[in-house]
Amino acid sequence: MTRNFIAAGALLACFSSAQAAEPVVRVLNWADYFAPNTLHDFQQETGIRVIYDVMDSSEVLEAKLMTGGSGYDLIFPGDTVAERLARAGSLQPLVREQLQHYADVSAGLRALHAQYPQSQAATVPYTWGSIGITFNAEQVAKRIANPPLASLDLLFKPEYAAKLADCGISVVDSPDEVLAVALNYLGRDPRSGQADDLRAAEQLLLKLRPYVRKFQSQPVTELVNGDLCVSLGYSGDAIQAQRAAVEAGRTADFQYRLPKEGTTVWMDTMAIPKDAPHPEAAYALINFLMRPERMAEITNFTGYPTANGKAQALIDPQLANNPDIYPSAEAYQRLIPGQDIPLKVMRKRLRTWNSIKTARAD
């Protein structure tokens, strides 16, 4: 009996040890930011189990990483968030020799990546896009004759916004990006922290505020359900909304427009936290994701352009040839890169944003 107990205990210890040694990678990312088969195929190929946590804002990711001990192995911060995290020492420098497809990053994304000196050595470009107008074409046409679809006038001029209020307007919950778009629209420095500039942006956005139904980063479900008809947000929203509508058997025509006045361009990246428990598994996932065929699958599903230049030929032509998703060289000149804003300026802009969000909407 004693020996049996010892044998059973030894067997349990071995089992527990095998469980503890199970290869795993814990990921923090946006919802629906991979193709449906991406993680399954990675697990099948490598035997590494993926634990996937979803973030609903960049602020959540930043807060988790700044405090340390997050337990994540791979995160997907936006460019300016990555810059702040790297400056704070929250990211580990990446070993380029371990990145199998870094050379495939397109020249344009390399140039954008180079504008972030703090995080360049700690991140890999993943996808990119812009802030613009996603809309239900039929619902907008019912309310406005000849609507200025390619202009921010559609939202920033109350005579248009008021006509869209009943079908629902949302604004991406991103103070830095929305304030940059508003300031640029007003002909001011998009990254300004000057009181008169922020006051002007606040006044502009407060005119829109009565007609805003929601501030959120992912409006796809509400667009498909008919709770929204216009959203100032990310360039992939229209593609995702159109796909979700088809899957739900609903008739809708969702489109996206790059504002002619100019707007922000952003880049999401892959990074490994400084205290990641399983960095080797993180490298394995990065290399898997950066394969051209995988990045093409992800772009075709999410609607966001890939950083991988070799994937371009594999992308759905309707997406790759869409000038609002893949801007022309001329349009690209009107795009505003992100910037690592000093903390003092960031606080001023955040106070302005909170004032806009908490203003009464009626």
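First, a word on what this report is: a plain description of the structure on this page. Fair warning: this is a prediction, and the values are worked out from it, not measured in the lab. One numbering rule holds for all chains: residues counted from 1, following each sequence as written. Given that this is a predicted model, residues contribute local features only at a pLDDT of at least 70 and side-chain atom pairs are listed and counted only at 80 or more, while totals for whole chains, interfaces and linings are drawn from all residues. Heavy atoms from the whole structure form the basis of all side-chain values; hydrogens and water molecules are not counted.

## A short note on the packing of aromatic side chains
In this scheme Phe, Tyr and Trp rings, the latter by its six-membered ring, pair at centre separations within 6.5 Å, and the angle between planes marks the pair as stacked below 30 degrees, edge-to-face above 60, and tilted otherwise. Throughout the structure, instances matching the rule amount to 13 aromatic pairs. Here the aromatic rings of Phe42 and Phe288 are separated by 5.4 Å at their centres, their planes lie at 65°, and the arrangement is edge-to-face. Remark: Phe288 occurs in helix H13 (residues 279-289) and Phe42 occurs in helix H2 (residues 38-46); sequence separation between them is 246 residues. A relative accessible area of 0% means that Phe42 is categorised as buried. Measuring from ring centre to ring centre gives 5.4 Å for Trp266 and Tyr304, while their planes differ by 70°; the resulting arrangement is edge-to-face. Residue Trp266 is located in strand S9 (residues 263-271), and its partner Tyr304 is located in the loop between helix H14 (292-302) and helix H15 (317-320); the two are separated by 38 residues in the primary sequence. On the accessibility criterion, Trp266 (6% relative accessible area) is buried. An aromatic cluster of at least three residues, connected via ring pairs, comprises Tyr33, Phe34, Tyr52, Phe76, Tyr126, Tyr234, Trp266 and Tyr304. Either the NZ atom of lysine or the CZ atom of arginine qualifies as a charge over a ring when it sits within 6 Å of the ring centre and within 35 degrees of the ring normal. If you follow Arg26 out to its NZ or CZ, it ends over the ring of Tyr72, 4.4 Å from the centre. A cation over a ring is seen here: Arg96 above Tyr102, with NZ or CZ 4.0 Å from the ring centre. Numbering of helices and strands runs from the N terminus; a helix is a DSSP stretch of H or I covering at least four residues, while a strand is a stretch of E covering at least two. The cut-offs for exposure are 20% and 50% of the maximum accessible area for each residue type, with area from a 1.4 Å probe on protein chains only; residues under the lower value are buried, those over the upper are exposed, and the others partly exposed.

## Observations regarding the layout of surface pockets
Grid spacing is 1 Å over the protein atoms alone, the probe is 1.4 Å, and a cavity is where that probe fits but cannot get out, while a pocket is an open set with protein on both sides within 12 Å along at least five of seven lines and lining residues have an atom within 4 Å of a point. Grid points are joined across faces, edges and corners, and a volume is the space filled by probe spheres set on the points. The space that makes up the largest pocket amounts to roughly 1100 Å³. What lines the largest pocket is a set of 50 residues, among which Trp30, Ser57, Ser58, Ser217 and Tyr234 lie closest to the centre. Contributions of two or more residues to the lining of the largest pocket are made by helix H3 (58-66), helix H4 (79-87), helix H9 (175-185), helix H11 (220-225), helix H12 (237-247), S9 and helix H17 (343-358). The element best represented in the lining of the largest pocket is H17, accounting for 8 residues. Residue classes in the lining of the largest pocket are distributed as 19 nonpolar, 14 polar and 17 charged. Taken as a whole, the second largest pocket holds about 290 Å³ of empty space. Looking at the lining of the second largest pocket residue by residue, the class counts come to 6 nonpolar, 5 polar and 2 charged. Residues are grouped as follows: Ala, Val, Leu, Ile, Met, Phe, Trp, Tyr, Cys and Pro are nonpolar; Asp, Glu, Lys and Arg are charged; all remaining types, including Gly, are polar.

## Considerations on the state of the cysteines
The rule for a disulfide is simple: a pair of cysteine sulfur atoms within 2.5 Å. Within this structure, the stated rule accounts for 1 disulfide. A disulfide bridge connects Cys167 with Cys229, and the sulfur atoms are separated by 1.9 Å. Of note, the bridge from Cys167 to Cys229 carries an S-S torsion of about 45° and is right-handed in sense. Here the residue Cys167 occupies a position in the loop between helix H8 (158-164) and strand S5 (169-171), and Cys229 occupies one in the loop between H11 and strand S7 (230-234), the gap between them amounting to 62 residues.

## A look at the pairing of strand S8 (residues 254-257)
Residues of S8 alternate between two faces, with Phe254 and Tyr256 buried on one and Gln255 and Arg257 left unburied on the opposite face. Note: two strands are recorded as paired if DSSP finds a minimum of 2 bridges between them. Note: strand S4 (residues 123-136) against S8, 4 bridges, orientation antiparallel. Counted as the bridge partner of Thr134 is Tyr256 from S8.

## Looking at empty space enclosed by the protein
A probe as big as a water molecule, rolled over the atoms, marks out the empty space that is left. The full count for this structure, using the stated rule, is 1 cavity of 30 Å³ or more. Counted as a void, the largest cavity has a volume near 40 Å³. Lining the largest cavity are Leu99, Gln100, His101, Tyr102, Val124, Ile286, Asn287 and Met290. Residues of the lining of the largest cavity, tallied by class, amount to 5 nonpolar, 3 polar and no charged.

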